Amino acid sequence: MNKLPNLIYNTQDIHEIAAKFPALVSLFKWFHTGKGSSPKVDEASPKDGSPALSEPTRVFTKEELAKYKGENGADIYLALMGKVFDVTRGRDYYGPGGGYAFFSGVDGSRAFVTGDFKPEGLIDDITGLGSQDYIGLRDWLDFYVKDYEYIGKLQGLFYDADGKTTDYYHDAQQWIKEASSYKEDEDLFKEKFPMCNIEYKPEEGSRVWCSTKSGGIQRDWVGFPRSLYSADSKNIRCACAQEVDLNDSLLKEYPNCPKDATSCMLPK
Ligand code: HEM
């Protein structure tokens, strides 16, 4: 039998919780991180904005889409960044009384990453979000493409009445692309300079040390603890650096710690 309903009822009041405790949104994001995986939509879209062959041709108006909220056993559709998905299979989540019913019949893209499930938060406008949010939207889109059927396009910000992509659609693609490449750079940097392990004992102070999985980066080298300064010198953290990178201008040795030590006591 389906084991999901119990979980769903736990998430029933999630919108109220999110409204009261915005800090929980990051937990939400973490919880759903990785829901989506690789299949990407639109890669095959021709440059002129016309739909690729595999793209659905049906175009919904907002009024039409609003009819598909699953009332009286009807189908349930939702839109994400202008793409309409048939989520009838997920009736327990999206149907009347479900924990995520507010996503049905609308394009509430913004709320997928802000956690603002109030009517004013459930909007398709994704302008001005942070880089992590664009990654989140990309992952949600991957999730829906993978788990549900992509059945049409919503006439509005992302698609026009003929189902052609709008300028806004291309802007949004660009924001997501930039966020993805920023994250790639960030991930590479974290791999180059993984965090150190850190422990604090009141009587001894702090100790930082490197190991083959410090900072959550599994690797075949240990590295040497150094202070790592951000380019604007505003942030400092402990990083494990390989010998070949020790002359990087962002790194500084810890005082009273030998150059080749893998563990250092920090001055109190
Ligand atoms: C930004 C906040 C959140 C959003 C946008 C969100 C969205 C969603 C959506 C759309 C679904 C249905 C997925 C499907 O179609 O299969 C879902 C399922 C679920 N959510 Fe959330 N959620 C959020 C926060 C949370 C939090 C904080 C929890 C609990 C810690 C949670 C627990 C669950 C569970 C248990 C399910 C069902 C199981 C699953 O598919 O993984 N969600 N969520």
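None of these values were measured; they are calculated from a predicted model. (Residues numbered from 1 in each chain as written. Predicted model: local features only at pLDDT ≥ 70, side-chain atom pairs only at ≥ 80, totals over all residues. Heavy atoms only, no water.)

**Remarks on the overall build of the protein chain**
As a reminder of what qualifies: In DSSP terms, a helix is any run of H or I states spanning at least four residues, a strand is any run of E spanning at least two, and both are numbered starting from the N terminus. Any pair of residues with heavy atoms lying within 4.5 Å of one another is described as a contacting pair. To measure how exposed things are, a 1.4 Å probe is used in the Shrake-Rupley method; for residues, cover is taken only from the protein chains shown.
Along its length, the protein chain carries eight helices and 10 strands. Taking the intrachain contacts of the protein chain between residues at least 6 apart in sequence as the baseline, contacts between residues at least 24 apart amount to 58%. Of the accessible surface of the protein chain, which amounts to about 15,400 Å², a share of 53% is contributed by carbon and sulfur atoms.

**Focus on the environment of alanine 172**
Here alanine 172 is to be found in helix H8 (residues 167-192). Sequence separation between alanine 172 and tyrosine 134 is 38 residues; the distance between their C-alpha atoms is 8.7 Å. When residues no more than four places from it in sequence are discounted, the contact partners of alanine 172 are Ile126 and Phe158.

**Here we look at the state of the cysteines**
To keep it simple, the criterion reads: Disulfides are defined in this document as cysteine sulfur pairs within 2.5 Å. Partly exposed describes any residue whose relative accessible area lies between the buried limit of under 20% and the exposed limit of over 50%, with all areas from a 1.4 Å probe on protein chains only and scaled to the type maximum.
Taken as a whole and assessed by the stated rule, the structure comprises three disulfides. Across a sulfur-sulfur distance of 1.9 Å, cysteine 196 and cysteine 238 are joined as a disulfide pair. Looking down the S-S bond of the cysteine 196 and cysteine 238 bridge, the torsion is -80°, so its handedness is left-handed. On the criterion of sequence distance, the pair formed by cysteine 196 in the loop between H8 and strand E5 (197-201) and cysteine 238 in strand E8 (residues 236-241) is long-range, its members being 42 residues apart. A single burial state applies to cysteine 196 and to cysteine 238, both of which are buried. Through a disulfide, cysteine 210 is tied to cysteine 240; the S-S separation comes to 2.2 Å. Residues cysteine 210 and cysteine 240 share a disulfide whose torsion about the S-S bond is about -105°; that sign makes it left-handed. One end of the pair, cysteine 210, is in the loop between strand E6 (205-209) and strand E7 (224-229); the other, cysteine 240, is in strand E8, and 30 residues separate them in sequence. Given a relative accessible area of 0%, cysteine 240 falls into the buried group.

**Overview of the nonpolar core**
We apply this condition: Within this scheme, the nonpolar core is defined by two criteria: the residues are buried Ala, Val, Leu, Ile, Met, Phe, Trp, Tyr or Cys, and they are joined through side-chain atoms within 4.5 Å.
Within the largest apolar cluster, 33 residues are counted, with the highest numbers of intra-cluster contacts made by Tyr94, Phe103, Ile126, Leu137 and Tyr144. Counting only elements with at least two residues in this core, the list comes to strand E2 (77-80), helix H6 (109-114), helix H7 (131-147) and H8. Per-element tally for this core: the top contributor is H7, with seven residues. Leave out the neighbours within four places in its chain, and isoleucine 126 touches Met81, Ser109, Arg110, Tyr134, Leu137, Phe158, Tyr168, Ala172 and Trp175. Listed in part, the 10 residues of the second largest apolar core include Val208, Cys257, Ala261 and Cys264.

**Things to note about the packing of H7 against H8**
To keep things clear, this is the line we draw: Between N-to-C directions, angles span 0 to 180 degrees; the directions come from axes that are lines fitted to C-alpha atoms, helices contributing only their stretch in contact. Orientation categories follow fixed angle ranges, with anything under 35 degrees roughly parallel, anything over 145 roughly antiparallel, 65 to 115 roughly perpendicular, and all other angles oblique. Side-chain classes follow a simple rule in which Ala, Val, Leu, Ile, Met, Phe, Trp, Tyr, Cys and Pro form the nonpolar group, Asp, Glu, Lys and Arg form the charged group, and the remainder, Gly included, forms the polar group.
The interhelical angle for the contact between H7 and H8, taken along N-to-C directions, is 110°, at an axis separation of 8 Å. Classified by the angle between their axes, H7 and H8 sit roughly perpendicular to one another. Across the interface between the two elements, Ser131, Gln132, Tyr134, Ile135 and Arg138 from H7 touch Trp175, Ile176, Ala179, Ser180, Tyr182 and Lys183 from H8. By residue class, the composition of the contact of H7 with H8 is six nonpolar, three polar and two charged.

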